[in-house]
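# Overview (structure and organization)
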Amino acid sequence: MQYRTNPKNGEKISALAFGCMRFNKDEKEVERQIRYAMEQGVNYFDTAYIYPNSEATLGRILAKDGMRQKVNIATKLPHNNVRKYGDLDRIFGTQLERLQTDHIDYYLIHMLGNVRSWKRLTELGIEKWIDEKKTSGTIRNLGFSFHGPQNEFLALLEEYDWDFCMIQYNYCDENNQAGTAGLERAGEKGIPVMIMEPLRGGTLANPKTSIRAIWEQADVKRSPAEWGFRWVLNHPQVLTVLSGMNQMGQIEENVRTFSDAEAGSLTEVELEVYAKVKAEIQRSMKVPCTGCGYCMPCPKGVDIPSSFSALNDAASRGRIMSKAMYIMTTGGNSASQCIKCGKCQTHCPQSIPIPEKLEQVKKELEGITYKPMRYFIRRFFGV
Ligand code: SF4
Ligand code: SF4
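What comes next is a walk through the structure. Here the structure is a predicted model, which is why all the values come from computation and not from measurement. (Residues numbered from 1 in each chain as written. Chains lettered and ligands numbered in written order. Predicted model: local features only at pLDDT ≥ 70, side-chain atom pairs only at ≥ 80, totals over all residues. Heavy atoms only, no water.)

## Quick notes on the overall build of the protein
Here is the rule we go by: Counting from the N terminus, the helices are the DSSP runs of H or I reaching at least four residues and the strands are the DSSP runs of E reaching at least two. Atoms considered for the radius of gyration are the C-alpha atoms alone. The globule rule reads 2.2 Å times the number of residues to the power 0.38. For each residue, the accessible area found with a 1.4 Å probe, counting protein chains only, is set against the maximum for its type, and the residue is called buried under 20%, exposed over 50%, and partly exposed in between. Residue contacts follow a heavy-atom distance rule, with two residues in contact if any of their heavy atoms lie within 4.5 Å. In short, Shrake-Rupley with a 1.4 Å probe defines the accessible areas, and a residue's cover is counted only from the protein chains shown. Counted charges follow a simple rule, with Lys and Arg positive, Asp and Glu negative, and His plus the chain ends left uncounted. Charged side chains are reduced to one point each, which is NZ for Lys, CZ for Arg, CG for Asp and CD for Glu.
For the protein, the count of helices and strands is 15 helices and 10 strands. On C-alpha atoms alone, the protein measures out to a radius of gyration of 22 Å, which is about the 21 Å that the 2.2 N^0.38 rule sets for 383 residues. In the protein, which comprises 383 residues, the proportion classed as buried is 53%. At a minimum sequence separation of 6, the contacts of the protein that also span at least 24 residues come to 77%. About 17200 Å² of surface is accessible on the protein, with carbon and sulfur atoms providing 51% of the total. Counting 50 positive and 45 negative side-chain charges, the protein places the centres of these two groups 8 Å from one another.

Structural data, given as structure tokens:
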């Protein structure tokens, strides 16, 4: 395993971080995967208060055989749930209990999207609370995870003496959210950066045929996922990269990739391959939706991520097939059910103008053939 040095405290962190958002359903299998990852040198596990059953599962497993002492636990504060000072201890106490530990190594304010939200927390006294926790050693490092516009990220970096931060970053997001400018500014300030969504919610690991063909024509043979990870790891500001792993094969491949993908190791020829792939992706992508689902549920039942996925796939699948996929994957909960209430809008980390883009879905994937097709698909596929 490759280790990178945290410039703030000198600790060695594995370049591969185990993302715990979507554990395998079988806890015995989760334990087998965690033990294997640790044997291979992974020493950073990332969870959050809001990930269903994740903190408790991780806590139960790490409580065995002194495993807890060998790893760093990162978890996150759901800051929207903090309404008064006492909520900080209430939430944090629950997290320590779930994780069966007396301290958190890397504690993040979850999805801190703007300075206004940080100011609200400071008015509630969060800085005093952080000082107390750091003095007592119950929080070792304090950071924030970020999905939001770049100007807010740059402003947040100046608001507090952060120990680290976490951003979405991959070869399609150089100019999106914190982006390269945010990564570089954090680097200049000596703030280590953890990376989430290195494969854009998995979409870069399963590309369409025309993109797969570009990867396959390259001189070096790698899976699309490996190409994606190597691009992120090429940046020296990156301390560790999260991969949400729940299959053993995936962990084995990642361990191989992360062992030798050093910063600055990509060649000019390899960088040209990425440029070709990016051009092809941008040519066909209509909505930059990662499928994270933070915008759900919609009060009118619109399946927003599936609608956008169908729209993005329309260019590669053809009109009839993409309409059929749209009906099947949304279960008939169509974009035309949207009443433009805007409830979903504030939750989208990609800042997608959701109601406006749903109009585009409606225009391209509905129309007069929609109802007869939905009837047919319902009748024959039970959707
Ligand atoms: S704007 Fe449309 S899609 Fe978004 S929550 Fe409201 S009805 Fe649902
Ligand atoms: S529209 Fe935004 S919030 Fe909803 S799934 Fe896509 S990226 Fe996530």
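## Examining the site of ligand 2
What counts, and what does not: It suffices for a single heavy atom of a residue to lie within 4 Å of a molecule or strand for the residue to be listed as near it. Three residue categories are used. Nonpolar comprises Ala, Val, Leu, Ile, Met, Phe, Trp, Tyr, Cys and Pro, charged comprises Asp, Glu, Lys and Arg, and polar comprises the others, including Gly.
Around ligand 2 there are 13 residues in total, and Cys289, Cys292, Gly293, Cys295 and Cys348 lie nearest to it. Residue classes in the shell around ligand 2 are distributed as 9 nonpolar, 4 polar and no charged.

## Observations regarding the side chain of His110
One can find His110 in the loop between strand E6 (104-109) and helix H4 (115-123). When sequence neighbours within four positions are dropped, the list of residues in contact with His110 reads Ala48, Ile50, Tyr51, Lys76, Leu77, Pro78, His79, Ser145 and Tyr294.

## Regarding the site of ligand 1
Taken together, the residues surrounding ligand 1 are Cys298, Pro299, Ile304, Cys338, Ile339, Lys340, Cys341, Gly342, Lys343, Cys344, Pro355 and Leu358. The class makeup of the residues in the shell around ligand 1 is 9 nonpolar, 1 polar and 2 charged.

## Concerning the pairing of strand E5 (residues 72-77)
This is how it is decided: Should DSSP find at least two bridges between two strands, the strands are taken to pair. The path from the first strand over the helix to the second decides the hand: if it runs clockwise while the strands point away from the viewer, the crossover is right-handed.
Buried residues dominate E5, accounting for 6 of its 6 residues. Inspection of the sheet shows strand E4 (residues 44-46) paired to E5 by 3 bridges, in the parallel sense. Within the sheet, the bridge partner assigned to Asp46 lies in E5 and is Ala74. Assessed by its sense of winding, the connection that carries the chain from E4 through helix H2 (residues 54-62) to E5 is right-handed.

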